[in-house]
Amino acid sequence: MAEDKEDPQEGKPPRPDLPPSDVTERWEQWLEASGQLGTKGASPKKDPKPVFWWFSQWWTDRRLEREERARRRREEHVAAHSQTWLQALEEWRLARSERARIRREEKAAARLAALEARERANAAITSRIAGTREAVRRTLLFGTPARLMEILRSSRLAILAVVLLMAISGLAGALLMRARHRRYLTGTMVAVNGVVIRRDEFYDELVERYGQATLKQLVDRELRAQFIRAHGAEATKEQVEQRYRLEAKSPEFHAVLADVGVTEWGYRGSLKRVLGEINLLCQGVEVTDDEVRAFYRRNVDPRNMRALFYTPPRVRLAVVASPSESQIRGALAALQAGQPFGAVAARYSIHDSAVHGGLLEPYYIGRSFTNMVTGLDSVARQLDEGEQAGPVRIGNVWWIVRCLERKPAVTRSYDDVKDTARIFARLAKGIAKNKLRLDREFVEFQRKANIQTFATR
């Protein structure tokens, strides 16, 4: 009968949704569920999907998970480095805006000096006219009418000459300044195959491309400064100078300012803004000496990758990397024969540094994600300057590692950094206590601000 016919799909039970982790146990359970294994040890029916098929599926899932974790780590690494570059670009833009503002202030000071000089000339002319009037008065009192008339005529001519000279000088000065300004704006900045690009074209392009963003940045900075003043948290001149003198004691302080293109005056302005923010966040917050020392201990711990007062050893390495043990043995033999490291790296190494003779950028041990991933960080910890390790296998790659330079770790003493540690300890408590409230208040302060725009350039 029709119901006695065997269903071809009846012998193929569905794959369980949640199979056991153990492959053998999962296979036996599946056979028992399908009726192909009556008792343990009995001969099973023909398996449409052998056990290694299930194992390959499990192995593929694990490999995909590992690849996904590696991809996420790469994306996080790229995002961190992108944020660092964006911050550096923003600081460069701020420094450039600061230099432009200084130039504007210098021009304004020059115009003020010229105005003061003109006022002094006007005062001298006024004094001379007053002297002439005094001479006329005396003549009227003590001289003859003829003498009086002569002085009056000469005085009128002198006054008229002075007035005319002032008018001509003023007009000539205005025309000269206008011509000079126009010549400055239309001056040639660069020529491309004889085609001139003028300064005003350059300025117009800057305004069109960066003007709105720069203007918004200046507006936000001024709003923040007013918000800080409204809360009575503005940094005083004495506070700024005290902090500046403390930071200027560092031997590399002025070198760092020169590298980033920031003047001492500009750094003081930035320091005033930073200290104002710290004062605002730390209002109503105090810390004890024990809390300061606890903060110091956390920030000199070598295990803390963000330690403020501990600098790990700094090394510069040269490497040769090869996936083949025979090739890395050949590279080692070439080095032992006296061949230059750079030539050996260029010949044998598959690392990106091969084009630079195997040289890597200097880095701090324990603070380089790339070197920790490759495993070079653990090798570098064991090398002193001039020492070489390898061939050593890390993962699937064979390495020869030479330490070219090693600077020791530096731990700053508590007495040297206790003021800084106190500031940051207060700041940590202040952020936890006040930041959310202050953020809400600043949003309301921005909403009520009266911002008027008078010109686009």
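Residues numbered from 1 in each chain as written. Predicted model: local features only at pLDDT ≥ 70, side-chain atom pairs only at ≥ 80, totals over all residues. Heavy atoms only, no water.

1. Re the overall build of the protein chain
Then comes step 1: When helices and strands are tallied, the protein chain shows 13 helices and eight strands.
Then comes step 2: Sorting the 457 residues of the protein chain into buried and exposed places 23% on the buried side.
Then comes step 3: Within the protein chain, contacts between residues separated by at least 24 positions form 63% of all contacts whose residues are at least 6 apart in sequence. (Helix = DSSP H or I, 4+ residues; strand = E, 2+ residues; numbered from the N terminus. Buried < 20%, exposed > 50% of the residue type's maximum accessible area, 1.4 Å probe, protein only. Contact = heavy atoms within 4.5 Å.)

2. Some words on helix H13 (residues 414–448)
Then comes step 1: Asn434 marks where H13 bends most, by close to 55°.
Then comes step 2: Buried within H13 are the following residues: Tyr414, Val417, Thr420, Ala421, Ala425, Leu427, Gly430, Asn434, Leu438 and Phe442.
Then comes step 3: Residues of H13 that are buried in the fold lie against helix H4 (199–230), helix H5 (237–248), helix H7 (264–281) and helix H8 (289–298). (Bend = angle between axes of the 7 residues up to and from the residue.)

3. A look at the packing of aromatic side chains
Given two aromatic rings, their pairing is described by the distance between the two centres and the angle made by the two planes.
Then comes step 1: By the definition in use, this model includes nine aromatic pairs.
Then comes step 2: A ring pair is formed by Phe295 and Phe309, whose centres lie 6.4 Å apart and whose planes are at 70°; its orientation type is edge-to-face. Of this pair, Phe295 sits in helix H8 while Phe309 sits in the loop between H8 and strand S3 (310–311), and the two are 14 residues apart along the sequence.
Then comes step 3: You can call Phe309 buried: its relative accessible area is 4%.
Then comes step 4: Ring plane angle 0° and centroid distance 6.4 Å describe the contact between Phe295 and Phe424, whose orientation is recorded as stacked. (Phe/Tyr/Trp six-rings, centres within 6.5 Å; stacked < 30°, edge-to-face > 60°.)

4. Looking at H8
Every α-helix winds through 3.6 residues per turn, so residues three or four apart in the chain are directed the same way.
Then comes step 1: All of the buried residues along H8 are Val292, Phe295 and Tyr296. The arc that holds the buried residues of H8, viewed along the axis, is 100°, so those residues lie on one side. Facing away from the buried side of H8 by more than 90 degrees, the exposed set consists of Asp290 and Arg297.
Then comes step 2: Where the residues of H8 are buried, they touch strand S8 (410–411) and H13. (Arc of directions from axis to C-beta.)

5. A closer look at the nonpolar core
Then comes step 1: Counting 19 residues, the largest nonpolar core has Tyr267, Leu271, Leu275 and Leu280 as the members making the most contacts within it.
Then comes step 2: Within the residue set of this core, elements represented by two or more residues are H4, H5, helix H6 (253–260), H7 and H13.
Then comes step 3: Looking at this core element by element, the count peaks at six residues for H7.
Then comes step 4: Residue contacts for Leu275: discarding those within four places in its chain leaves Ala235, Gln239, Val240 and Arg243. (Core = buried A, V, L, I, M, F, W, Y, C linked by side-chain atoms within 4.5 Å.)

6. Some details on the sheet that holds strand S6 (residues 388–394)
Then comes step 1: Across the sheet, which stays open at both edges, the four strands sit in the order S5-S4-S7-S6 with antiparallel pairing between neighbours. The strands lining the two open edges of the sheet, one partner per strand, are strand S5 (363–364) and S6.
Then comes step 2: Pairing of strand S4 (residues 314–322) with strand S7 (residues 397–407) involves nine bridges; the strand directions are antiparallel. The partner of Val315 across the bridge, within S7, is Arg406. (Pairing = 2+ DSSP bridges.)

7. With respect to the environment of Asn299
Then comes step 1: By secondary structure assignment, the location of Asn299 is in the loop between H8 and S3.
Then comes step 2: As a C-alpha pair, Asn299 and Thr411 span 112 residues in sequence and 9.5 Å in three-dimensional space.
Then comes step 3: Here Asn299 is in contact with Asn304, Arg306, Ala307, Leu308, Phe309 and Tyr310, once residues within four sequence places are set aside.

8. Things to note about the packing of H4 against H13
Geometrically, a packed helix pair is captured by the angle between its two axes and the distance between the axes.
Then comes step 1: Interhelical geometry of H4 versus H13 gives an angle of 120° and a closest axis separation of 11 Å. In this structure, H4 crosses over H13, and the sense of that crossing is right-handed. In contact with Asp220, Leu223, Arg224, Gln226 and Phe227 of H4, H13 contributes Leu438, Glu441, Phe442, Phe445 and Gln446.
Then comes step 2: Residue composition of the contact of H4 with H13, by class: five nonpolar, two polar and three charged. (Axes fitted to C-alpha atoms, helices over the stretch in contact; angles between N-to-C directions. Left-handed = near helix turned anticlockwise from the far one by under 90°. Nonpolar A, V, L, I, M, F, W, Y, C, P; charged D, E, K, R; others polar.)

9. Regarding the confidence of the model for the protein chain
Then comes step 1: On average, residues of the protein chain score 80 in pLDDT, and 82% of them reach the 70 mark or higher.
Then comes step 2: Overall, residues 1–21 carries pLDDT values under 50, and its contacts beyond four positions in sequence, including any with other chains, amount to 11 contacts.
Then comes step 3: Overall, residues 36–47 carries pLDDT values under 50, and its contacts beyond four positions in sequence, including any with other chains, amount to 16 contacts. (pLDDT = per-residue confidence, 0-100.)

10. Details of the pairing of strand S1 (residues 188–192)
Then comes step 1: Judged from the four bridges that link them, S1 and strand S2 (residues 195–198) form a sheet pairing that is antiparallel. Bridge pairing in S2 places Thr188 opposite Arg198.
Then comes step 2: The hairpin turn running from S1 into S2, its antiparallel successor, is two residues long, and Asn193 in that turn takes a positive phi close to 55°.

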